[in-house]
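Chain residues, written in single-letter form:
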Amino acid sequence: MQYISTRGGIAPVGFIQAVLMGLADDGGLLVPEHLPQLSAATLEQWRTLSYQELTLELLTLFAGDELPRADLRDIVQRSYATFRHPDVTPVHRLQDDLYVLELFHGPTFAFKDVALQLLGNMYAYISQQTGSIIHILGATSGDTGASAIAGVSGKPGVRICILYPHGRVSEVQQLQMTTIADENVLNLAIEGTFDDAQRIIKEIFGDAAFKQRYHLRAINSINILRILAQITYYFYAYFRVSEQQPGRSISFSVPTGNFGDIFAGYLAKQMGLPIHRLIVATNENDILVRFVQDGVYRPEAFRSTHSPSMDIQVASNFERYLYYLYGENAAKVKELMAEFRANGLISVPQADLERVRADFAARSVENATCLTTISQVYAGSGYLLDPHTACGVAAADAEALGDITIALATAHPAKFNEAIALSGLEQSFPDEIQALFGKPQRQQVVPATSEAVEQHLVEFFGAASGVLPAPEDVLETLT
Ligand SMILES: *Cc1c(COP(=O)(O)O)cnc(C)c1O
């Protein structure tokens, strides 16, 4: 499979190169050159596969011509051996027509582990096959950093540095990052805000000589492998629930920020999985809901909510959706993104909006509703939702499609105890999280300037990059 840019400005690249590239060089996002189409017969065959086998089949479609199947299988096995549940992502029936898909059984108790465990093992594999070094630099406001560190800690050939605002990530999130003792992990707590951390990352990636010298890679949600890895659980959950509910139509409700998770569901639908609707569930940062309602995509003021991992102004994967909405038309996407840069908005006509609504419904969930959903569901069933999942459940209720709805549970409530306490509930933490509180922490507090951060990076990345090449320089050695 070859990968191209949503803006059409790069020569097609192979799967491994797409994984390494992150953002396309023309500023667009990478997408597969064509989407595999699955027949009803294939879906029937896949129904009985384990989570790992299903991931292997899907990855074979997207990458199989570049990696031997045995290697892919090994990467997949190792990635999901770290999950605490044998089904990896089990479904749980919450009410008659409502299921939750638990995506939080990975090392950091949030759904990002599903993709970042796989990406971490893929990076280590690429490094090993090419005898090269992979240096990851990222900024986080919480979940992504912890999950990315868990994905690569201790892996040879890969080093990771994560920046986050000092004292401004949740206690559990900080502990998940700073209690990792491996030498290939560097935590830098910035004396500033998340915006400062992001600005520093932009400045460093903008310093072409520095980026080149240390072979820096990003880990944000635009990496194509993160999307591909998330397709599996839509299939897996669909198979489990349709067994129990034969003949019913099935929709998914997805707590949404950067549109990565729900976009994976959209790809599953485009590939032939008979999903009825995908419900975009946002918090008060509702740019995507307004788009589905009015056809206008326009950022508004940023709001802090009880579901901080969905606090966004623009959704970085939305561009990928536009590409498919307009029939894989890169020229059109390029035009729309130029319009967005020039005017600060994208507006689609009514006829196109009808097509959006054929696939998506959308609801934004207010802070107060998020908390009452947590307490009501707990009172009704004893099941404790995290605040992100609560947005998905509240949106599914409000939408009342008459389908069976599967709401994605994107985090374990222990990660967001602040919101649970505000809902008037008390919880006990899982042992793995409780154990973090006694462990020594490793982090360095640095001033919020790119110079200060670069100094640390030179020391951390410097030694290895003098010796080893970047994987792109040696890709032909891969079988
Ligand atoms: C990242 C995250 C989301 C949002 O996912 P997107 O792919 O950015 O839409 C939702 N819930 C939790 C807990 C997250 O960490």
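Residues numbered from 1 in each chain as written. Predicted model: local features only at pLDDT ≥ 70, side-chain atom pairs only at ≥ 80, totals over all residues. Heavy atoms only, no water.

Draft legend 1. Quick look at the UniProt feature "domain: Tryptophan synthase beta chain-like PALP" (unreviewed entry) in the protein chain. UniProt's feature table lists "domain: Tryptophan synthase beta chain-like PALP" (unreviewed entry) at residues 91-400, given in the numbering used throughout. Structurally, residues 91-400 comprises 51% helix and 18% strand, and the distance from its first C-alpha atom to its last is 20 Å. (UniProt positions renumbered as here; feature names shortened; annotations may be inferred. Helix = DSSP H or I, 4+ residues; strand = E, 2+ residues; numbered from the N terminus.)

Draft legend 2. Quick peek at the site of the ligand. Taken together, 15 residues sit near the ligand, with Lys112, Asp143, Gly257, Asn258 and Thr410 positioned nearest. Taking Lys112, its side chain carries an N or O atom lying 2.5 Å from an oxygen atom of the ligand. One of the side-chain nitrogen or oxygen atoms of Thr410 is found 2.8 Å away from a nitrogen atom of the ligand. Here the shell around the ligand is built from residues that sort into five nonpolar, seven polar and three charged. (Near = heavy atom within 4 Å. Polar contact = N/O pair within 3.5 Å; in protein donor to acceptor, adjacent residues only side chain to side chain. Nonpolar A, V, L, I, M, F, W, Y, C, P; charged D, E, K, R; others polar.)

Draft legend 3. Expanded view of the pattern of salt bridges. With the rule as written, the count across this model stands at 17 salt bridges. A salt bridge links Arg78 to Asp74; the shortest N-O distance between them is 3.0 Å. With Arg78 and Asp74 both in helix α4 (residues 69-80) and four residues apart, the pair spans about one turn of that helix. When the shortest N-O distance is used, the salt bridge between Glu335 and Lys332 registers 3.7 Å. Separated by three residues within a single helix, Glu335 and Lys332 lie in helix α14 (residues 330-343), roughly one turn from each other. (Salt bridge = Lys/Arg side-chain N within 4 Å of Asp/Glu carboxyl O.)

Draft legend 4. Expanded view of the sheet that holds strand β9 (residues 250-255). Spatially, β3-β4-β14-β9-β10-β13 is the arrangement adopted by the six strands of the open sheet, whose pairing is mixed. Across the chains shown, the open sheet's two edge strands, defined by having one partner strand only, are β3 (91-95) and β13 (360-364). Direction aside, neighbouring strands of the sheet carry axes that sit 25 degrees apart on average. Judged from the four bridges that link them, β9 and strand β14 (residues 404-409) form a sheet pairing that is parallel. For Ser251, the partnering residue across the bridge sits in β14 and is Thr405. Against the sheet, helix α10 (residues 224-244) engages β3, β4 (98-102), β9, β10 (275-282) and β14, with an angle of about 135 degrees to β9. (Pairing = 2+ DSSP bridges. Axes fitted to C-alpha atoms, helices over the stretch in contact; angles between N-to-C directions. Contact = heavy atoms within 4.5 Å.)

Draft legend 5. Geometry of the UniProt feature "modified residue: N6-(pyridoxal phosphate)lysine" (unreviewed entry) in the protein chain. Within this numbering scheme, the UniProt entry marks Lys112 as carrying the feature "modified residue: N6-(pyridoxal phosphate)lysine" (unreviewed entry). With respect to the helices and strands, Lys112 occurs in helix α5 (residues 112-130). In this structure Lys112 comes out as buried when scored by relative accessible area, which is 13%. Those residues in contact with Lys112, other than ones at most four positions away along the chain, are Asp143, Thr144, Ser147 and Arg226. (Buried < 20%, exposed > 50% of the residue type's maximum accessible area, 1.4 Å probe, protein only.)

Draft legend 6. Geometry of the sheet that holds strand β8 (residues 216-217). Sheet architecture is open: five strands sit in the order β8-β5-β6-β7-β15, paired in parallel fashion. Strands with a single pairing partner mark the edges of an open sheet, and in this sheet they are β8 and β15 (444-447). Note: strand β5 (residues 134-139) against β8, two bridges, orientation parallel. Counted as the bridge partner of Ile136 is Arg217 from β8. Of the strands in this sheet, β5, β6 (158-165) and β7 (185-191) are in contact with helix α6 (residues 143-152), which crosses β6 at around 165 degrees. Across the sheet, helix α8 (residues 194-206) touches β5, β6, β7 and β8, and the angle it forms with β5 is around 145 degrees.

Draft legend 7. Seen up close, the environment of His135. Structurally, the position occupied by His135 is in strand β5. Taking relative accessible area as the criterion, His135 reaches 0% and is therefore assigned buried. Separated by 49 residues in sequence, His135 and Asn184 place their C-alpha atoms 9.5 Å apart. Here the side chain of His135 touches Tyr214 through a polar contact of 2.7 Å, landing on its backbone oxygen.

Draft legend 8. Broad picture of α5. An ideal rise of 1.5 Å per residue puts 27 Å on 19 residues; α5 measures up with 27 Å between its terminal C-alpha atoms. In terms of burial, α5 is largely enclosed, as 17 of its 19 residues are buried. Phi turns positive one or two residues past the end of α5, at Gly131, with a value near 60 degrees. (Expected span 1.5 Å × (residues − 1).)

Draft legend 9. Summary view of the side chain of Gln245. Note on placement: Gln245 falls in the loop between α10 and β9. Discounting chain neighbours no more than four positions away, the residues touching Gln245 are Arg93, Asp96, Tyr99 and Ile404.

Draft legend 10. Local environment of the nonpolar core. Phe15, Ile231, Tyr234, Phe235, Phe252, Tyr321 and Phe360 are the most contacted members of the largest nonpolar core, which has 120 residues in total. A total of 14 residues in this core trace back to one element, the largest contributor, which is α10. Residue contacts for Phe252: discarding those within four places in its chain leaves Leu101, Tyr234, Ala237, Tyr238, Ile275, Arg277, Leu278, Ile279, Thr405, Ile406 and Leu408. Residues Ala281, Cys391, Ala394 and Ala395 belong to the second largest nonpolar core, which totals 25 residues. (Core = buried A, V, L, I, M, F, W, Y, C linked by side-chain atoms within 4.5 Å.)

Draft legend 11. Spotlight on the packing of aromatic side chains. Using the criterion set out here, one finds 27 aromatic pairs in the structure. Residues Phe291 and Phe318 carry aromatic rings whose centres are separated by 4.9 Å and whose planes lie at 80 degrees to one another, so their mutual orientation is edge-to-face. Of the two residues, Phe291 sits in helix α12 (residues 287-294) while Phe318 sits in helix α13 (residues 318-325), which places them 27 residues apart along the sequence. Here Phe291 falls in the buried class, since its relative accessible area comes to 2%. A relative accessible area of 2% means that Phe318 is categorised as buried. Taken together through their ring pairs, the aromatic side chains of Phe259, Phe263, Tyr266, Phe291, Tyr297, Phe318, Tyr321, Tyr323, Tyr324, Phe340 and Phe360 make up a single cluster. Above the plane of the ring of Phe460 lies Arg159, whose end atom (NZ or CZ) is 5.7 Å from the centre. (Phe/Tyr/Trp six-rings, centres within 6.5 Å; stacked < 30°, edge-to-face > 60°. Lys NZ or Arg CZ within 6 Å of the ring centre and 35° of its normal.)

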